[in-house]
Amino acid sequence: MAVELVLRSTRVITPGGTRAASVAVAAGKITAVLAHDAEVPAGARLEDFGDDVLLPGLVDTHVHVNDPGRTEWEGFWTATRAAAAGGITTILDMPLNSLPPTTTVDHLRIKQDVARAKAHVDVGFWGGALPDNVKDLRPLHDAGVYGFKCFLSPSGVEEFPQLDQERLATSLAEITGFGGLLIVHAEDPHHLESAPQNPGPKYADFLASRPRDAENTAIQNLIDQARRLNARVHVLHLSSSDALPLIAAAKAEGVRITVESCPHFLTLTAEEVPDGATEFKCCPPIREAANQDLLWDALADGTIDCVVSDHSPSTADLKTGDFATAWGGISSLQLGLPAIWTEARRRGRTLEDVVRWMSAAPAALAGLGAKGAIEAGRDADFAVLAPDETFTVDPAELHHRNQVTAYAGKTLYGVVKSTWLRGTRIADHGTPTEPTGRLLERQN
């Protein structure tokens, strides 16, 4: 194939490290990573980014798009525009908060039909595991979902009930039988029920209502089930550092478990949440600074595999001043890269680390073999980042539907200059172009 495009930078993040390079692109694929001063083939266009960093497009495997059914909360058009503006080139949509939820093949097709013309980035889909849909899991797997999401405690929406331990075992055995992946919201309902419940605006009261023990117990139970069945499981949005020794021991033993955390757990702390500021509410909750330090240690040593957004927006009116009744979800899709980079650089971590956590590892989790790295044969998906430039978060400049965010007013390092999907620029200085994203289906 004739090279159509060459992207050049003095800092290109590749699997072998950061180096000055020219990246050749043809038919939407990376064909070669060449020397920085390599001759540009006849007929090819050169994009020279100077000292700005060229990194692989980010992969966010935890996004609640809520479309169709709750499109006043979010939608494929707005969510994928926010993703593109933030350097994300692939998202996987969660099966709940849309109506219908993605729990049958028919429901998956409805969601795909809605998303097809609205996707500014590539979009794949998780299926849902409910108490009564075990018969639907294999058909969903065959239809191309990347795995199955379940809750072990109430989900917050009545159409997506939780699995008890017996039904967890049944669903997990079914999914393991066809080589699938179960991704789990791991909070134990009994610990939540016995925790103190004091409604109102005080964040300390909300934090006490979602204790670490709820996560720890649910994760231990999940490890036990995975060990027994030799199942592949993934812990969603880890918040409790107390669970890290359990996870590390399970991994060392050979249990097939992976773990994610989120920008809000890694950059925000319970100590800084003002009373009544329910834009900071999520479940499990943002915990204390000392807890956060241990999460960063676990990222460094590989106990936590990846960082994804858990972008879970709502309309502003659902963010009431009462932490007990406000919708639990943090909107951060467009801001994840600069938020994590700001904290990572403060802690002495590198952009190579950030790429591993936010691109390579999520792509590997979902089996997205064409994504997650700048190397020959991969999709020509890129983000161009000015890592030393700063900006102050203005909610009015965010592209997701409801401009509510816990990051409002924060000054962050890392300005995304442009985003590229299969060799096409899909966002330029924060402004997305027309949608060119594709719908993805699991291939293995």
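Refer to the structure presented above.
Below you will find a few notes about this structure. (Residues numbered from 1 in each chain as written. Predicted model: local features only at pLDDT ≥ 70, side-chain atom pairs only at ≥ 80, totals over all residues. Heavy atoms only, no water.)

Let's talk about unusual backbone geometry
Following D67, the chain continues into P68 via a peptide bond in cis, with omega recorded as 5°. Its place among the elements puts P68 in the loop between β6 (58-63) and α1 (76-85). Residue P100 is bonded to the preceding L99 through a cis peptide linkage, with omega at 5°. Relative to the assigned elements, P100 resides in the loop between β7 (88-93) and α2 (105-115). Its identity as a non-glycine residue notwithstanding, N66 has a phi of 70°, on the positive side. By the element assignment, N66 lies in the loop between β6 and α1. By relative accessible area, which is 0% here, N66 ends up buried. The phi angle at N230 is positive, at roughly 50°, despite the residue not being glycine. Positionally, N230 belongs in the loop between α7 (212-229) and β12 (233-235). N230 gets classed as partly exposed once you look at its relative accessible area, which sits at 49%. (Helix = DSSP H or I, 4+ residues; strand = E, 2+ residues; numbered from the N terminus. Buried < 20%, exposed > 50% of the residue type's maximum accessible area, 1.4 Å probe, protein only.)

Remarks on the sheet that holds strand β8 (residues 122-125)
Across the sheet, three strands lie side by side as β6-β7-β8; this open sheet has parallel pairing. Looking at strand neighbours, the two that pair on one side only are β6 and β8, the edges of this open sheet. Ignoring which end each strand starts from, the neighbouring axes of this sheet average 20° apart. Both β6 and β7 contribute to a ladder of four bridges, which runs parallel. Looking across to β7, one finds that D60 is bridged to I91. (Pairing = 2+ DSSP bridges. Axes fitted to C-alpha atoms, helices over the stretch in contact; angles between N-to-C directions.)

Focus: the pairing of strand β10 (residues 148-151)
What you see with β10 is no split at all: F148 and C150 on one side and K149 and F151 on the other are buried throughout. Bridge count between strand β9 (residues 127-128) and β10: two bridges; the pairing is parallel. Within β10, the residue paired with G128 across the bridge is K149. Handedness of the crossover joining β9 and β10 through helix α3 (residues 134-142): right-handed. Looking at chain direction, β10 and strand β11 (residues 182-185) are connected through four bridges and run parallel. Opposite C150, over in β11, you have V184 as the bridge partner. Regarding the hand of the β-α-β motif, the stretch spanning β10, helix α4 (residues 165-177) and β11 is right-handed. (Right-handed = clockwise from strand over helix to strand, strands pointing away.)

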